[in-house]
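Coordinates in review
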Amino acid sequence: MQRTQTLDNVSTKLQRIAELARKAPQMVIRTLAHHIDVEFLHVAYQQTRKDGAAGVDEQTAVDDAANLEGNLQSLLNRFKSGTYHAPPVRRVEIPKGDGTTRPLGIPTFEDKVLQRAVKMVLNAVYEQDFLNCSYGFRPGRSTHQALQALWEATMKVGGGWVLEIDIRHFFDSVGHGHLRAILDQRVRDGVIRRTISPLLANVYLHEVLDVWFEQEVRPRLDGSASLIRYADDATMVFAREADARRVVKVLAKRFAKYGLTLHPEKTKLIDFRKPAGNGDEPGSLDALGFTHFWGRSRKGDWVVQRKTSRSRFGRALQRVAEWCPRNRHLPVREQHEMLVAKVRGHDNYFGITGNSRALGRFLHEVKRTWRKWLHRRSHRARMTWERFRLLINRYPLPWPRIVHSVYRR
């Protein structure tokens, strides 16, 4: 009952902020921090993942929960007085599909809670401003909605010309002077602005790309065009090649104005038009973990189809291949529980209509990898394929499942 009342109180505050921002889209909001209180931090705490990696202080959610009320009150006091300083983030390198790595910062759990609270407040403001073309890290929006929007945009123009946009080192390139100027247009609460990192991508690119495309680019084009953006991943779809090439000429200059650089190899214009039947190989594009290509429907019509991209498929299998040898001496039941979770997690993202074959391949490769390392864990009890078939009957892995079906939608 108390948790429900707390959630209702916080929801009411957020609705008031959103209503104010919606009614006055040109107004600069100077005070937001006073909305954040202990109730607010309680809700932020409940919404923060408890199983994430620890930050530099090595404190976990379990440690924080031991004296939750006191810890939240201390955090609030430091936040309101301006004495709170976010600890350094712990840096780890995450492998990418091209063999390189990208840095990932892991904040402390306390900082995650505060960032969550600040993000809730800022979302209430900026959700009134954000355009329909952005999908990343917004409440009620998802990657699969972005995928659906991309599918609809390409189908509408028969594929058209697709511009894949890749910003080189985006999070390291955001100009703080430009960011302050952008924030000055809407939020000038200094207490709030010290902790806004979760919204940087959307706030920055909303101004740099979304508003520019909608207000300055599209009205000057001869044909139809669409923008689909998920955080710093963006794709433009053009009905006409001339329009696409005009935008390509000015895009780098627009980004450079805000301190951003386009990756010269990953930013590319793709001829994605529907196959004309003259023997030419139709184009394909990679976006949001999927390869998009033209194929025949059951009725024989050309449609845009999607399958797991080669790089993401390889990365997913690599994680399984690294996990199995490290855990091969665990009881089979425990190994089975973890592999079930991994397969289901894979299907939860990649289980879209038309991707059954790739899901089946992934399951087959997981089984092969599991048998391989069970086979190597003992010289006396070899795991032959015949023995493994008996084991997999007792400990079955989930059958491929289409989680995101256009038919159910």
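Here we summarise the structure given alongside this text.

The rules behind the values
Residues numbered from 1 in each chain as written. Predicted model: local features only at pLDDT ≥ 70, side-chain atom pairs only at ≥ 80, totals over all residues. Heavy atoms only, no water. Helix = DSSP H or I, 4+ residues; strand = E, 2+ residues; numbered from the N terminus. Buried < 20%, exposed > 50% of the residue type's maximum accessible area, 1.4 Å probe, protein only. Contact = heavy atoms within 4.5 Å. Areas by Shrake-Rupley, 256 points an atom, 1.4 Å probe, with all protein chains shown as cover. Lys, Arg positive; Asp, Glu negative; His and termini not counted. Charge placed at Lys NZ, Arg CZ, Asp CG, Glu CD. Axes fitted to C-alpha atoms, helices over the stretch in contact; angles between N-to-C directions. Parallel < 35°, antiparallel > 145°, perpendicular 65-115°, else oblique. Nonpolar A, V, L, I, M, F, W, Y, C, P; charged D, E, K, R; others polar. Phe/Tyr/Trp six-rings, centres within 6.5 Å; stacked < 30°, edge-to-face > 60°. Pairing = 2+ DSSP bridges.

The next point concerns the overall build of the chain. Regarding its fold elements, the chain presents 15 helices and nine strands. Principal-axis analysis of the C-alpha atoms places the extent of the chain at approximately 70 × 60 × 40 Å. Across the 409 residues that make up the chain, the buried fraction comes to 44%. The long-range share in the chain, meaning contacts at least 24 apart out of those at least 6 apart in sequence, stands at 69%. Surface accessibility of the chain: about 22,600 Å² in total, with carbon and sulfur atoms responsible for 49%. Of the side-chain charges in the chain, 70 are positive and 43 negative, and the distance between the mean point of each set is 5 Å.

Glancing now at the packing of helix 8 (residues 176-184) against helix 10 (residues 200-217). Two numbers describe how helix 8 lies on helix 10: the axes approach to 10 Å, and their chain directions differ by 80°. Taken as axis vectors, helix 8 and helix 10 run roughly perpendicular relative to one another. In contact with His178, Leu179, Ile182 and Leu183 of helix 8, helix 10 contributes Leu200, Val203, Tyr204 and Glu207. Partitioning the contact of helix 8 with helix 10 into residue classes produces six nonpolar, one polar and one charged.

What follows deals with the packing of aromatic side chains. Summed over all chains, the structure comprises 13 aromatic pairs. Ring geometry for Tyr126 versus Phe130: centroids 5.8 Å apart, planes at 20°, classification stacked. Like Phe130, Tyr126 is buried. Aromatic pair Tyr204 and Tyr258: ring centres 6.4 Å apart, planes at 85°, arrangement edge-to-face.

A few words now on the sheet that holds strand 3 (residues 161-166). Across the sheet, four strands lie side by side as 4-5-3-6; this open sheet has antiparallel pairing. Two strands close off the open sheet at either side, each with one partner strand: strand 4 (225-230) and strand 6 (268-271). Strand-to-strand twist of the sheet, defined as the mean angle between neighbouring strand axes without regard to direction, takes the value 20°. As judged from the four bridges shared by strand 3 and strand 6, these two strands associate in the antiparallel manner. Its bridge partner being in strand 6, Trp161 is matched across the sheet by Asp271. Strands in contact with helix 10 are strand 4 and strand 5 (233-238); relative to strand 4, the strand with the most contacts, it is inclined by about 175°. Against the sheet, helix 11 (residues 241-256) engages strand 3, strand 5 and strand 6, with an angle of about 15° to strand 3.

Positive phi, normally seen in glycine, also occurs at His169, with a value near 45°. Along the polypeptide, His169 turns up in the loop between strand 3 and helix 7 (170-173). With relative accessibility at 56%, the residue His169 sits in the exposed group. Even without a glycine there, the phi angle at Leu288 is positive, about 55°. Note that Leu288 resides in the loop between strand 7 (284-287) and strand 8 (290-296).

We now examine the sheet that holds strand 9 (residues 302-308). With antiparallel pairing, the three strands of this open sheet are ordered in space as 7-8-9. The open sheet is flanked by strand 7 and strand 9, the only strands paired with a single partner. The mean inter-strand angle of the sheet, taken between neighbouring strand axes irrespective of direction, is 35°. Where strand 7 and strand 8 come together, four bridges link them in antiparallel fashion. Across the sheet, the residue bridging to Ser284 is Phe293, located in strand 8. Where helix 6 (residues 143-156) meets the sheet, it contacts strand 7, strand 8 and strand 9, and its direction lies at approximately 150° from that of strand 9.

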